[in-house]
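Listed here are the chains, written in short residue letters.
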Amino acid sequence: MLAVEILGFEKTYAAGFWRKKRKVGLRPLHLDVNQGEVFGFLGPNGAGKTTTLKLLMGLISPTAGSARIFGRHWREPQVRSRIGFLPEQPYFYDHLTPIELLNYYGALSGMSRDDLRARIPKLLERVGLADQGTVQLRKFSKGMLQRVGIAQAVIHDPELVFLDEPMSGLDPLGRREVREFIESLNAEGKTVFFSTHILSDAEALCDRVAVMNKGELRGVGVVAELVSQKSGRVEIVWQGKDAIPAVQALHAECHVAGETVRASIPESQLYAALDALRRQQARLIAVNPVGGSLENYFLQKLGVPAEAEQ
Amino acid sequence: MTRRVAAIAFNTFREAVRDRVLYNLIFFALLLVAMAPLLGQISIGVQRVLLVNLSLSAISVFGTIISIFLGISLVSKEIEKRTLYPVLSRPVGRGEFIVGKYFGLSGTLFVNTVAMSLGFYIALFIMSGRLGRADANVLLGIYFILLQFLVIIGLALLFSSFSTPIMSALFALAMFVAGSFAGDLRAFAAMTHGPGKWMALATSYVIPNLASLNVMTRVAHDQFIPASLVLYNTLYAICYSAATIAAALLLFSRRDLK
C-alpha cells in the first residue's frame, strides 16, 4: 500500500505590487511513497521541498492537484492523526517545558491523559531530554529544540512521519543522533519522508530519493541501485608530485593537495598508472573503484556535470 | 473537538500568565493605595462615587489594553513564529484554533477582572466598613466591562487573522474609539437626511456599540440598571463576538501560512 500519493500538486503565488504576476512555487508534482520506506526529498534551496510539505500538511492550499495519504484524502482529520510533522527550523512556545509541550500536542492529537503520562517520559528518554523535561524551552539550544521537535512529531506514535530538513543547523553529533532516530523509526515499520539538501544523510538513510529543482521533480531513484552502479573508473591516491605527468598521459585528471595527489583514471589504465608510480618511486596510499553516488545522480538531475566528468 | 479547543484555550491563558500579563494587577493595587490619602479628604458619599468610578475605569482601561495588545497577536504571532505549523498538521481545524484562542484570552481577561474586582471590593469595605445593596449593583458595571472585553477581543482576533500586529493594533484602537461614540453616531444619523444618514447608520451598526456597555457613572451613583439592558447587552456582545469570530475564521481558513 502507498503511504503517500501526490496527484499533481501545483502551487503558484501572486507576486508584485498589484499581485498580478504569478510566481511558480511548484510545478505539477506526481509522486508516490511506499509504506515502510525512508524516502528522501532532495533539492537545493528554493527547489519546492518545503512547499510540497506545507501542501501535504494543509498549511497552504494547492493551486491545483490533490493527494492521498494511506489511500484517503490528505486533508481528512483521521489522516492527520496518523501522521507526524517536524517543520524546518522549528520554534515552539518557549514559555512551556518539554513535558507541557508534549502534553499539549498529545491532547491536540487526541491522546488520553493516561497515554500521555505513560508515553512522555519514555519519549524524552529516547531523544535524550529525560532530565530537561521541566526546563522552559526558552533556555534550550537549537539542537535541543530539534530533539523536542522530533519528540512532538512522534508523540502520538504516527505511522508516517514528515521531517523538513531535520539535520539542518545541527553539529555532527546532533546529526548522528537524528540519523539514528530515523533508523529506529524505520525499524519500527514507520514510513519516514524527509527533505534534505545533505546528500550523505540521504545516502545513509533512504530507500528511495526524489530530486527537486526549481519547483519541478527531476527524478526518483532507488539509492541502493544508484550507489552500486559501476562507472568504469578507479581512483588512485599517492604521495609524490613527480609522477603526475606520467599519470596524466593516461587520460587521468589529477587533484593535488599538498604532497598528496588524487587521480581518477579509466579502469583499463590502472596497471599502467601503477607502473608509472613505481617508476617514479611514488608512495601509493589507496586504490578505490569509483562507483555511482547519490551526489552524481543529484548533480546529473540538476543538470550540473559531476566532478569526474568535468 | 471540545478537548482540542480547551487545550488551545488553556495554552493561550498559560502563555499570557507566564508572559507576566497579570502583573498589571500590581499597578491596579498601587493605584488603589495611591487613592487612599485623596479619599480621606472628601466626604463619605463622594468618596464612594470616586472609588467606584476610578476603580471601574482602571479595570476597563487595563483590560482594554490587554484585550487589544494580546488579541492582535493571537494569530499573527503564531504564524510569524511558526508555532502554528505543528498545531495545524494535527487533526485540529482552523476554526477550533480560532475559537480556542478567543476563549483563552477571554479567560485571561476574566481572571484579571475578577482579581481587580476583589481588590476594589476590599478597598470599598475598608473605606465604608460594610458592603450594601448599592455595592452589589457595581457588579453589573463590572459584568458590562467584561462584555466589552469579549467584543474587543473578537475584533482584535479578526484583525489578527489577516493583518500585521501594527495594523491590527491601529484597526482595533480605531474601532474601540469609534465604538465608544457609537451612540452619538446613531443620534447624528437620526438628525440628518439623505445618503449621510444611511452611511452614519450603517457605520454605527458595524462598529461595536461600546457606549451602551458603559454604565460606570450610573452604578457609581446607584442608578437602576433595567434587566432589559442586561439582556440586550448580553445578547449584543455574544452576537457581535460570534460575528467577528466567524469573519476571522472565514479569512483565516483561506490564508496560506508563509
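Residues numbered from 1 in each chain as written. Chains lettered and ligands numbered in written order. Predicted model: local features only at pLDDT ≥ 70, side-chain atom pairs only at ≥ 80, totals over all residues. Heavy atoms only, no water.

(A) Summary view of helix 3 (residues 98-108) of chain A. Most of helix 3 of chain A is tucked away, with 9 of its 11 residues classed as buried. Considered for burial, the residues of helix 3 of chain A that qualify are Pro98(A), Glu100(A), Leu101(A), Leu102(A), Tyr104(A), Tyr105(A), Gly106(A), Ala107(A) and Leu108(A). Where helix 3 of chain A is buried, its residues touch helix 4 (113-126) and helix 5 (142-154) of chain A together with helix 1 (2-18) and helix 5 (85-88) of chain B. Backbone geometry just after helix 3 of chain A places Gly110(A) at a positive phi near 90°. (Buried < 20%, exposed > 50% of the residue type's maximum accessible area, 1.4 Å probe, protein only. Helix = DSSP H or I, 4+ residues; strand = E, 2+ residues; numbered from the N terminus. Contact = heavy atoms within 4.5 Å.)

(B) Broad picture of the pattern of salt bridges. Residue and element names in this part refer to chain A. Across all of its chains, the model carries 25 salt bridges over all chains by this definition. When the shortest N-O distance is used, the salt bridge between glutamate 165 and lysine 49 registers 3.6 Å. Residue glutamate 165 is found in the loop between strand 7 (160-164) and helix 6 (172-187), and its partner lysine 49 is found in helix 1 (residues 49-57); the two are separated by 116 residues along the sequence. Lysine 49 carries the same exposure label as glutamate 165, and that label is buried. (Salt bridge = Lys/Arg side-chain N within 4 Å of Asp/Glu carboxyl O.)

(C) How the structure looks around the packing of helix 1 of chain B against helix 6 (residues 94-128) of chain B. Residues and elements named next belong to chain B. Look at helix 1 against helix 6: their axes get within 7 Å of each other, and the N-to-C directions meet at 45°. Our classification of the angle between helix 1 and helix 6 gives oblique. The hand of the helix 1/helix 6 crossing is right-handed. Where helix 1 approaches helix 6, its residues Arg4, Val5, Ile8, Ala9, Thr12, Phe13, Glu15 and Ala16 are matched on the opposing element by Glu96, Phe97, Val99, Gly100, Lys101, Phe103, Gly104, Leu105, Gly107, Thr108 and Val111. (Axes fitted to C-alpha atoms, helices over the stretch in contact; angles between N-to-C directions. Parallel < 35°, antiparallel > 145°, perpendicular 65-115°, else oblique. Left-handed = near helix turned anticlockwise from the far one by under 90°.)

(D) Local environment of the side chain of Asn209(B). Within the secondary structure layout, Asn209(B) lies in the loop between helix 10 (195-206) and helix 11 (216-220). Those residues in contact with Asn209(B) that lie beyond four places of it in its chain are Gly179(B), Ala182(B), Gly183(B), Arg186(B), Tyr232(B) and Tyr236(B).

(E) Geometry of a nonpolar patch on the surface. On the surface, Phe110(B), Val111(B), Val114(B), Leu118(B), Ile122(B) and Ile126(B) cluster together into a nonpolar patch covering about 570 Å² of accessible area. Within the secondary structure, Phe110(B) sits in helix 6. (Patch = residues over 30% accessible without salt bridge, like charges linked within 9 Å, V, L, I, M, F, W, Y side chains within 5 Å. Areas by Shrake-Rupley, 256 points an atom, 1.4 Å probe, with all protein chains shown as cover.)

(F) Main features of the interface of chain A and chain B. On the side of chain B, 26 residues touch chain A, which itself brings 37 residues to the contact. Summed over both sides, the interface between chain A and chain B buries roughly 2800 Å², with carbon and sulfur atoms accounting for 51% of that surface. If you sort the residues of chain A by the area they bury against chain B, Leu59(A), His95(A) and Leu108(A) come out on top, with a joint share of 24%. Across the salt bridge formed by Asp19(B) and Arg138(A), the nearest N and O atoms sit 3.8 Å from each other. For the pair chain A and chain B, the number of links is 15 residue pairs in polar contact (both at pLDDT 80 or more). When residues of the side of chain A that touches chain B are assigned to their parent elements, the largest contribution, 5 residues, is made by helix 3 of chain A. Taken together, the residues of the side of chain A that touches chain B sort by class into 19 nonpolar, 11 polar and 7 charged. (Buried area = accessible area lost by both parts, 1.4 Å probe. Polar contact = N/O pair within 3.5 Å; in protein donor to acceptor, adjacent residues only side chain to side chain. Nonpolar A, V, L, I, M, F, W, Y, C, P; charged D, E, K, R; others polar.)

(G) Examining the environment of Phe181(A) more closely. All names here are of chain A. Looking at where phenylalanine 181 falls in the secondary structure, it is placed in helix 6. Through-space distance from the C-alpha of phenylalanine 181 to that of leucine 7 is 30 Å; in sequence the pair is 174 residues apart. Residues within four places of phenylalanine 181 in sequence aside, it is in contact with Arg126, Val127, Ile150 and Val154.

(H) Focus on the pairing of strand 1 (residues 2-15) of chain A. Residue and element names in this part refer to chain A. Pairing of strand 1 with strand 2 (residues 21-34) involves 11 bridges; the strand directions are antiparallel. Paired with glutamate 5 across the two strands is aspartate 32, which belongs to strand 2. Across 5 bridges, the pairing between strand 1 and strand 4 (residues 64-69) is antiparallel. The partner of glutamate 5 across the bridge, within strand 4, is arginine 68. (Pairing = 2+ DSSP bridges.)

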